[in-house]
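# Working through the structure, step by step
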Amino acid sequence: MDKPSTHTANGPYLKEIEKVPFWLDPKKRAWVYQFFVFCMVGLLAYYLVSNTILNLKRQHIATGFGFLHKEASFEIGESLIPYSAASTYGRALLVGALNTIKVSFIGIIITLILGTMIGVARLSSNWLVSKLAGFYIEVMQDIPVLLQLFFWYAIFYETLPSPRQALHPFNGLFLSNRGVALAVPAAIPAYKYMLLAFIAGCVAAYFLRKWARKRQERTGKIFPVFLTSTAMILGFPLIVWVAFGAPIQMNIPKLSGFNFKGGIMLTPEFIALLTGLVLYTSAFVAEVVRAGIQSVSKGQREAAMALGLKPPYVLNLVILPQAMRVIIPPLTSQMLNLTKNSSLAVAIGFPDFVSVANTCINQTGQAVEGVALIMAVYLIFSLSTSLFMNWYNKKTALVER
Amino acid sequence: MEEYTPEAAYSPMKPPITHTGVIGWIKKNLFNGYLNSLLTLGILFVFYKIIPPFIRWAFLDSVWCPDCAGACRKAAGACWSVVTSNIRFIIFGFYPYSQQWRPLIAMLLLFGLIYYSSKRENWRKSLIYIWAIGLFVMGTLMKGGIFGLVPVESTKWGGLPLTLLLSVFGLTAAYPLGVILALGRRSKMPGIRWLSIIYIELIRGVPLISLLFMASIIFPLFLPEGVTINKILRAQVAIILFTAAYIAEVVRGGLQGISKGQYEAAESLGLNYVLTMRLVILPQALKIVIPPTVSILISAFKDTSLVVIIALWDLMKTTQSVLSHPKWMGFSPEAYIFLAILYFLGCFSMSNYSRKLERELSQGEQR
């Protein structure tokens, strides 16, 4: 803007502008509004907090997180870390958080695989496959996940026989109303080295991919990354296995007393939770994948074909990079939904974080702290995911002219 | 001279029979290529293995008559008797048996209202008044106390009416709050914007169940001594606060879809902020977001099932209480399938409607 003109006719007018009362000045008015809103929020918060403190005093409930160091004195059905009733509340909550992470992590991996398969099936040229996938998506999306959890839990609990008559479809697998007993490889050194070899394969594949991409950008030559990576990831452990003389020692579950010993035991609660979450979320993931693939216009595929790219390259170099940009954000929100929905475990008795926190609240009466902890833990999950997402979005954002 | 007609000039050859009609369709859609043929055969085999036993279980060998728990134990098939015997308890909960026509009429009224509002030619201002009257009538029917209706405590409300109440009232009350939050998030005032962002992200980051816990155990602590609010209302508040955050995000999407020119045009007409929003921006933005709003209604409808965890007698809880009766123990799959069908019908009709609406609303822009 130009400097205020010193023209005589404008003089008095300008002075008037300077003297605008503050309620007509948008900037000052905005401050007043905000001050007003903050006062309201502050007053409301003060009212609620003071009431809460008074109520807590009246009911003789101690405030603060001191209870975390006290003895929990309740058992938890399954735990990834050593835990007993003599452990502290803090440790009990840690067990719950780890259980949440466990079920979410396994759930997310299975959901991604199943959801992608169904999403691709929805676009299949086979009418039957496509309709079946559509039917699955519609039905699973329209039934509350909690109902699905109850249903699978009931199926497990009511229709499967007791451990003595456990279903035994093949060696090393027992289905009973106590859960699924599964044979696992025995803890011998050979298997440990195989695991190390597997990790080494993954790391090597990562660096190979990086190198291949750089080389392709420099020279245009395409390196068969997928084949070599698969060969490395599967081949390294196989070589180790053969080198150790191809041992096949399994830890097979055996019936002893009323339950199984050996192998790993998956509880009905865990299986019901996992099944419900996976079936429900994979329907949404399938829709995300379908929409993402359809979002890439037909011209892109045709143009790639016209350039003479082979079909796998069309998919890898042209379609997927564009589809992924559309797919990833809603996909993350579905993964977060799965994590948040895992809190429904409390309804079927799987000891996830909410369930353990709920027990703590019932025992100690520290409701405010308990619910605050629940919220904080889920907020940490959500916020860290959104931070990652923002970083990813920036990395892959479309660079426009 | 013979007149020239295309038909006379040549007789068109029909496409081969294997490319048209049923055979052509089957060939094109089910058996195009080895993989697809294999898939089709595989699926048909699975159908053959699953569907006949299922039909035998669900229909041929099943028991339907009310109060046949004994016959159920002997039958090889499904025991739908668990549903037919307890249907009134499952649907209406503890509502007094002789008065159950009242929630029934209230629900029918609600369905009628929803059906009426689904027609686009009825989208007028009067619709708001019709809804206000309708909700009032429904509330009166449920609560009673006037017009010679026996008063019924809200603690006795349950089953399907409660589920519908929580989701419909939840969405209706959350909508204005959501719009305000969305406007707040797009506000130029940093304080208000940050407050809105914190609220929205906080709520969206936590599971609904934590809010319901808060409503059931912490909310009573918030109130001064002696003041109590009934449990249904507390859960309702939690659902409203939760839904509002999601609505805010949807409405924000709509607001972002409005071009800057609209704001500038409104400003140049001399409209202030409130009038700009009310007359120019919101009518357009809210129209865009109707389909996603319907999907929020669908999730609100599904999410109300969570109140079972804080022991409200919704559809899920009444069913579970039937199943905990020794007489009906072990028939959970049947009862849950019945519930699933109820939920499915509700959600499917809404999502179908939302898709139809999306097509209709986008027609204007496609030209």
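Reading the values: the criteria
- Residues numbered from 1 in each chain as written.
- Chains lettered and ligands numbered in written order.
- Predicted model: local features only at pLDDT ≥ 70, side-chain atom pairs only at ≥ 80, totals over all residues.
- Heavy atoms only, no water.
- Helix = DSSP H or I, 4+ residues; strand = E, 2+ residues; numbered from the N terminus.
- Rg over C-alpha atoms; globule rule 2.2 N^0.38 Å.
- Buried < 20%, exposed > 50% of the residue type's maximum accessible area, 1.4 Å probe, protein only.
- Contact = heavy atoms within 4.5 Å.
- Areas by Shrake-Rupley, 256 points an atom, 1.4 Å probe, with all protein chains shown as cover.
- Lys, Arg positive; Asp, Glu negative; His and termini not counted.
- Charge placed at Lys NZ, Arg CZ, Asp CG, Glu CD.
- Domains from an automatic or database assignment.
- Buried area = accessible area lost by both parts, 1.4 Å probe.
- Salt bridge = Lys/Arg side-chain N within 4 Å of Asp/Glu carboxyl O.
- Phe/Tyr/Trp six-rings, centres within 6.5 Å; stacked < 30°, edge-to-face > 60°.
- Lys NZ or Arg CZ within 6 Å of the ring centre and 35° of its normal.

## Section: the overall build of chain B
- If you tally the helices and strands in chain B, you get 16 helices and 0 strands.
- For 367 residues, the compact-globule estimate of 2.2 N^0.38 gives 21 Å, and the C-alpha radius of gyration of chain B, at 28 Å, exceeds that figure by more than 25%.
- Dimensions of chain B along its principal axes, counting C-alpha atoms only, are 100 × 80 × 45 Å.
- A buried classification covers 45% of the 367 residues belonging to chain B.
- Taking the contacts inside chain B whose residues are at least 6 apart along the sequence as the reference set, 65% of them involve residues at least 24 apart.
- Accessible surface for chain B amounts to roughly 20,300 Å². Of this, 69% is attributable to carbon and sulfur atoms.
- Averaged over its 33 positive side-chain charges, chain B has a centre that lies 6 Å from the centre of its 18 negative ones.

## Description of the domain arrangement of chain A
- Under the domain assignment used here, chain A contains domain 1 (8-58) and domain 2 (89-186 + 249-396).
- The C-alpha-based centres of domain 1 of chain A and domain 2 of chain A are spaced at 48 Å.

## Here's the deal with the environment of Phe236(A)
All names here are of chain A.
- Summarising the element assignment, Phe236 is placed in helix H7 (residues 225-243).
- Along the chain, Phe236 and Tyr193 lie 43 residues apart, while their C-alpha atoms are 9.9 Å from each other.
- Other than its neighbours up to four places away in sequence, Phe236 contacts Ala197, Ala200, Gly201 and Ala231.

## Quick look at the interface of chain A and chain B
- Taken together, the contact pairs 53 residues of chain A with 56 residues of chain B.
- When chain A packs against chain B, the two sides together hide about 4,600 Å² of surface, and 75% of this comes from carbon and sulfur.
- Linking chain A with chain B are 1 salt bridge, by the criterion used here.
- Those elements that place two or more of their residues in the side of chain A that touches chain B are helix H2 (26-58), helix H4 (127-141), helix H5 (145-159), helix H8 (268-295), helix H11 (345-348), helix H12 (353-364) and helix H13 (367-396) of chain A.

## What to know about the packing of aromatic side chains
- For the coordinates displayed, the defined rule picks out 19 aromatic pairs over all chains.
- When the ring of Phe270(A) is compared with that of Phe350(A), the centres are 5.7 Å apart and the planes differ by 45°; the resulting orientation is tilted. One end of the pair, Phe270(A), is in helix H8; the other, Phe350(A), is in the loop between H11 and H12, and 80 residues separate them in sequence.
- Note on Phe350(A): relative accessible area 0%, which makes it buried.
- One aromatic cluster is present, built from ring pairs that chain together Phe54(B), Trp57(B) and Trp80(B).
- Lying across the ring of Trp313(B), Lys317(B) places its NZ or CZ 5.6 Å from the centre.

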